[in-house]
Amino acid sequence: MANKRIDQPTGTPTVGHEWDGIEELDTPLPRWWLWTFYLTIAFAVGYVIAYPAWPMIDRATEGVLGWSSRGELAEEMSAADQARATVREQLARIPIERLPEDGPLMQQAVAGGAAAFRVNCVQCHGSGAAGSQELGYPNLNDDDWLWGGDLKAIEYTLAHGIRQAGDDETRSSVMPPFAGAFDTDQLNALTDHVLAFSGKAESNPVGAQIYADNCAACHGIRGEGDRAQGAPTLNDAIWLRGSSREAIKQQILNPRMGMMPKWEGRLDPVTLKMLAAYVHSLGGGEDFVEVAEDPEVAVDEQP
Amino acid sequence: MNNPEDNRPPGERDWSVVVEDGIAKSNQPVSGAIADPAATTRRHEPHEPAREHLPERLYEPRKAVHNKRIDGPFRRFKWLVMLVTLGIYYVTPWIRWDRGPYAPDQAVLVDLANRRFYMFSIEIWPHEFYFVAGLLIMAGIGLFLVTSAVGRAWCGYACPQTVWTDLFQHVDRFVDGDRNARIRLDAAPWTWSKVARRAFKWSIYLFIGFWTGGAWIMYFADAPTLVQNFWRGEAASVAYITVAVLTLTTVTLGGFMREQVCIYMCPWPRIQTAMMDEKSLLVTYKDWRGEPRGSVKKAAKNPDRFGDCIDCTQCVQVCPTGIDIREGPQIGCITCGLCIDACDRVMDDIGRPRGLIDYATLEDCEREAAGEAVKSPWRTLLRPRTIAYTMIWAGIGGALLFALGTRSHTELTVAPDRNPPFMLMSDGSVRNSYTLKIRNMESRPRAMEIAVEGLPGALMWTDTINRDEASATQRVTVPADLVRAVRAYVAVPVGTAPQQFEFRVTSLDEQRETDVVETRFDAPEDE
């Protein structure tokens, strides 16, 4: 079939086929191209031997180098863990009271806490830690703290949670429901008195009397609250569940009380410390009233 | 394939001569692969031997170029340029430059790890890369300028490919002898002595290639430290890879491919062609003087018949790219002028005037051929086009220098927190949080003052300054040559409306550089 001939003007053989008088020259491939092609073949052989290549039924061939992308990832992860180990080590050994004195370590703790916060806390407190008034998740950016806003108090709250069943040390407070205890006028008077603490309404003797009889024990005479028992401050601008009359009445009659899980046991102590540092750094953190001379620290030997 | 109007019997050519515009043009086929000087000058027909058969091959094997040794003004200039360019390349990384304790003391350093570029007293940050872009544009326009004035001077003297090729050709000459000896050795069978010579020569190639790559990496790290680490095997693997790659490319491109890079690979000769015109200086063979060629003996017998060219082919022998300049301007000509040196020497020897091959513009060649006076070199160089290029070039340079001289070494960027946008505090005041980035481009730590302006009653504290010390201005120290991020909390009294205000950062030193950024204060709108 083939009818190869040499094309006179070019001196190149034709491929031997002819289509309506059109013939194709069989120009040889450029040599550099051909050698590059052979090189790629040689490379491919080496590659197939050295690296995972042939797909089998449940996995690919392993390759003599034993490399795998999973293995590489695991290596990089462990390298990153090791790089963090020193910081974790230091954090494990420093009492949280002393943490603010070590600026760089505090920064590392805040950064680590921010990462842990995004994984464990944003579900309720929100990605900006602003909480939710409607659902009663506290805002962590402000300077109003139900249970104390220094590093130690924050760490304690994180570790033991709030109203967490099964933890003897959990933060716990109960606001009794007053449904049926007051008539409408009394309730209005009491609401006015509570709002008067922050200047939002006029006080009145009836409300003041009811408040003194029923509320002052926990919330204080001037509504200053009590952190020891977790009674909210009533004389400031921040209202966990809203400052409208309806919201306040609702909270008097049928108080809703939130719950925070305990994180001790779920997160390691170093992560808790970092989380405390992060929450403290959000802008409302408080200083320690006094720092013990040599605070004790329980060192977890495996941070 | 055949011209239908062509009624000659097949296989026979039409040798008749057509006269157009008073110029005789033969119908002899001329390969498109051979440059047609008439196309540019329109003066004469090429003196190519008639070709019965045109070899049309897609691959042309390299014909080795064994250029002959020559001395003359252009060769000396080439030596000088080689010395200067290689000197700059190898010495620059070793120049020290004191910048104080907070910056490296290497005069020219591309510090990729810390993202800084140092050049003597100039330090460039990544966001100022337009300075580098400007320099590159200046280099481009500089090439335009040089090309339109003196043709491919860049190719002939300063291009790294030319410099290294020249170096390798000198190595050839040093090891194997001059042109004839090298041609003989090339043709000789592979005896042990040839193997030894080649091995010796190629090891010199490798040595040069290695030092080329070795000098390159010095620009990217502290040179003395890198040298130590390199030989101890402690340098970064990228250093070894770079040296290996550059050794390979230097030996391949400079040692073996040489003029092929210029002729087949480089885009620059093609671009330059568009930038040259009849007023550009280029190496030209004055064919009206040289043609027809004839030896001295023939010319003595027949004085009026022959031109000045004695066909000694010295110009071809000394050419580093192996071309014949007498075929006219062509892409293989890098205008290094070595053929001028060779031809002038021959002309001196046989007592004919110099300049048969010369740096000349095509316009001047026309004039000279017509017996008119040629332009002075200054008038050749100073013409609107070159002046315009010079002014654009200088304008960009001036603008860059101005920008460099007036740039501030203190800068501020402000990112307000969007989540949450504002924060109600227990005393009813409203707080906003901002991330400030304060940039200190001086190589020393500087105290800076951050001030809140245009926000009545505002108090500011930061992640390191306690709320007890809140005030409208705060003072922070920014480390040398770094950006410091500061979280700033700004609180205003109850009832402040949302509004625009400004952060101002001022360096507390004699420079008192300042930067102002306007941003927004968010507050609850109801209530």
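Residues numbered from 1 in each chain as written. Chains lettered and ligands numbered in written order. Predicted model: local features only at pLDDT ≥ 70, side-chain atom pairs only at ≥ 80, totals over all residues.

**Quick look at the sheet that holds strand β5 (residues 122-124) of chain B**
Residue and element names in this part refer to chain B. Across the sheet, which stays open at both edges, the three strands sit in the order β3-β4-β5 with antiparallel pairing between neighbours. Looking at the sheet topology across the chains shown, the edges are occupied by β3 (108-111) and β5. On average, adjacent strands in this sheet sit at an angle of 10° to one another, irrespective of strand direction. Of the strand pairs in this sheet, β3 and strand β4 (residues 116-119) are connected by four bridges, and their pairing is antiparallel. The residue bridging Val108 from the neighbouring strand is Met119, located in β4. (Pairing = 2+ DSSP bridges. Helix = DSSP H or I, 4+ residues; strand = E, 2+ residues; numbered from the N terminus. Axes fitted to C-alpha atoms, helices over the stretch in contact; angles between N-to-C directions.)

**Digging into unusual backbone geometry**
When glycine is set aside, most residues are seen to have a negative phi, and most peptide bonds are trans. Going from Glu291 of chain B to Pro292 of chain B, the amide bond is cis rather than trans, its omega being -15°. With respect to the helices, strands and loops of the structure, Pro292 of chain B is situated in the loop between α12 (287-290) and α13 (296-301). Here Asn419 of chain B and Pro420 of chain B are connected by a cis peptide whose omega angle stands at -5°. Looking at where Pro420 of chain B falls in the secondary structure, it is placed in the loop between β8 (410-416) and β9 (423-424). Not every positive phi belongs to a glycine, and Ala129 of chain A is a case in point at roughly 60°. Topologically, Ala129 of chain A is positioned in the loop between α4 (122-125) and α5 (151-160). Here the phi dihedral of Asp311 of chain B falls at roughly 60°; this positive angle occurs in a residue that is not glycine. Structurally, Asp311 of chain B can be placed in the loop between α13 and α14 (314-317). Asp311 of chain B sits in the partly exposed class, given 14 other C-beta atoms within 10 Å. (Buried ≥ 20, exposed ≤ 12 C-beta atoms within 10 Å, placed from the backbone.)

**Describing the interface of chain B and chain A**
Opposite the 16 residues of chain B that make contact, chain A presents 19 residues. Mapped by element, the contributors of at least two residues to the side of chain B that touches chain A are β9 and β10 (430-440) of chain B. Classifying every residue of the side of chain B that touches chain A gives seven nonpolar, five polar and four charged. (Contact = placed C-beta atoms within 7 Å. Nonpolar A, V, L, I, M, F, W, Y, C, P; charged D, E, K, R; others polar.)

**Topic: the UniProt feature "binding site: heme c 1" (unreviewed entry) in chain A**
Residue and element names in this part refer to chain A. Feature annotation in UniProt assigns "binding site: heme c 1" (unreviewed entry) to the following positions: Cys121, Cys124, His125 and Met260. Considering the C-alpha atoms alone, the annotated residues occupy 140 residues of sequence yet fold into one spot, their largest mutual distance being 10.5 Å. Inspection of the secondary structure puts Cys121 in the loop between α3 (103-120) and α4. Judged by C-beta crowding, with 21 C-beta atoms within 10 Å, Cys121 ranks as buried. Looking at where His125 falls in the secondary structure, it is placed in helix α4. Setting aside residues up to four positions removed in sequence, His125 forms contacts with Gly131, Tyr137 and Leu140. (UniProt positions renumbered as here; feature names shortened; annotations may be inferred.)

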